[in-house]
Amino acid sequence: YDDDRGMEYGVIDITCNVDGALVECLSDSAVVQSERVKYGMAYINLLGGHRIINVRISADGFQTVTKPVPNSPSSGKFTAHIDLVKKAYGTIDVKCTNLDNVTIQLCHEKFFKDKVRYSQRVTDGHAVFSVCTTDGWAIDLVKVIPTDKYSGYFKGTKHVKKPQTGETVYVEVTLAKNEYY
């Protein structure tokens with residue numbers, strides 16, 4: 001498209017089910033321009049020179065959506081309809097049965113073993129995690145790590161099923177004592 005001064009521009013035209021959602025035009029993960037959804041629409045005029053790779057739409061309490069832009073609309077139009085989905089939560093209730101001062105972590109065993117998604121240091125051996133069930137993060141492992149107070153114990157792990165929305169999953173872990181300590 002050309003404006004009245006002869007400058008080329010592209011258009012990002014987004015319809016969305018959440019008024020107030022933030023629409024961001026990304027170029028190599030940097031935000032180039034942004035606009036809020038109003039009356040179900042966000043219309044962004046992109047001045048030339050910016051290559052848009054993705055459009056990211058986010059709102060509090062909703063899952064963020066990133067949509068690829070197949071051909072950067074430096075002088076054309078990209079149109080998309082985005083339905084944002086509310087985040088939903090379940091609960092993982094973890095108890096260390098024999099120690100009280102521990103760190104309890106939730107992670108994924110195979111893919112993200114070193115990437116802890118949730119972590120709590122507790123003094124009563126018990127932690128309750130509110131876990132987003134709609135975020136795509138895989139959680140299948142509970143790690144219980146003794147603090148320095150219990151340096152004679154091994155850390156413990158136990159497999160866990162990520163809860164469904166509204167569900168509570170209970171896990172008990174008993175840490176083994178290092179008999180050589």
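Because the structure is a prediction, the values reported are computed rather than measured.

Counting secondary structure elements, the chain contains zero helices and 14 strands. Listed by position from the N terminus, the elements making up the chain come as β-β-β-β-β-β-β-β-β-β-β-β-β-β. The buried share among the 181 residues of the chain stands at 43%. Contacts spanning at least 24 positions in sequence make up 59% of the contacts within the chain whose residues lie at least 6 apart.

Burial along strand S14 (residues 168-173) is one-sided: Val169, Val171 and Val173 are buried, while Thr168, Tyr170 and Glu172, pointing the other way, are not. One ladder, built from six bridges, connects strand S8 (residues 89-96) with S14; its direction is parallel. Residue pairing across strands places Cys96 opposite Val173, the latter belonging to S14.

This part is about the environment of Ala59. You can see Ala59 is positioned in the loop between strand S5 (54-58) and strand S6 (65-68). Look at Ala59 and you get buried, because its relative accessible area is 17%. Sequence separation of Ala59 and Lys86 is 27 residues, and the distance between their C-alpha atoms is 9.3 Å. Filtering out sequence-adjacent residues up to four positions away, Ala59 remains in contact with Val18, Ala21 and Leu84.

Moving on: the packing of aromatic side chains. As enumerated under the stated definition, the model contains two aromatic pairs in all. Plain terms: the ring middles of Tyr118 and Phe129 are 6.3 Å apart, the flat faces sit at 65° to each other, and that makes the pair edge-to-face. Residue Tyr118 is located in strand S10 (residues 118-122), and its partner Phe129 is located in strand S11 (residues 126-132); the two are separated by eleven residues in the primary sequence. Relative accessible area serves as the criterion here: at 17%, Tyr118 is assigned to the buried category. Judged by its relative accessible area of 3%, Phe129 is buried. Here the aromatic rings of Tyr150 and Tyr153 are separated by 6.0 Å at their centres, their planes lie at 85°, and the arrangement is edge-to-face.

Each value, and the rule that gives it
Residues numbered from 1 in each chain as written. Predicted model: local features only at pLDDT ≥ 70, side-chain atom pairs only at ≥ 80, totals over all residues. Heavy atoms only, no water. Helix = DSSP H or I, 4+ residues; strand = E, 2+ residues; numbered from the N terminus. Buried < 20%, exposed > 50% of the residue type's maximum accessible area, 1.4 Å probe, protein only. Contact = heavy atoms within 4.5 Å. Pairing = 2+ DSSP bridges. Phe/Tyr/Trp six-rings, centres within 6.5 Å; stacked < 30°, edge-to-face > 60°.

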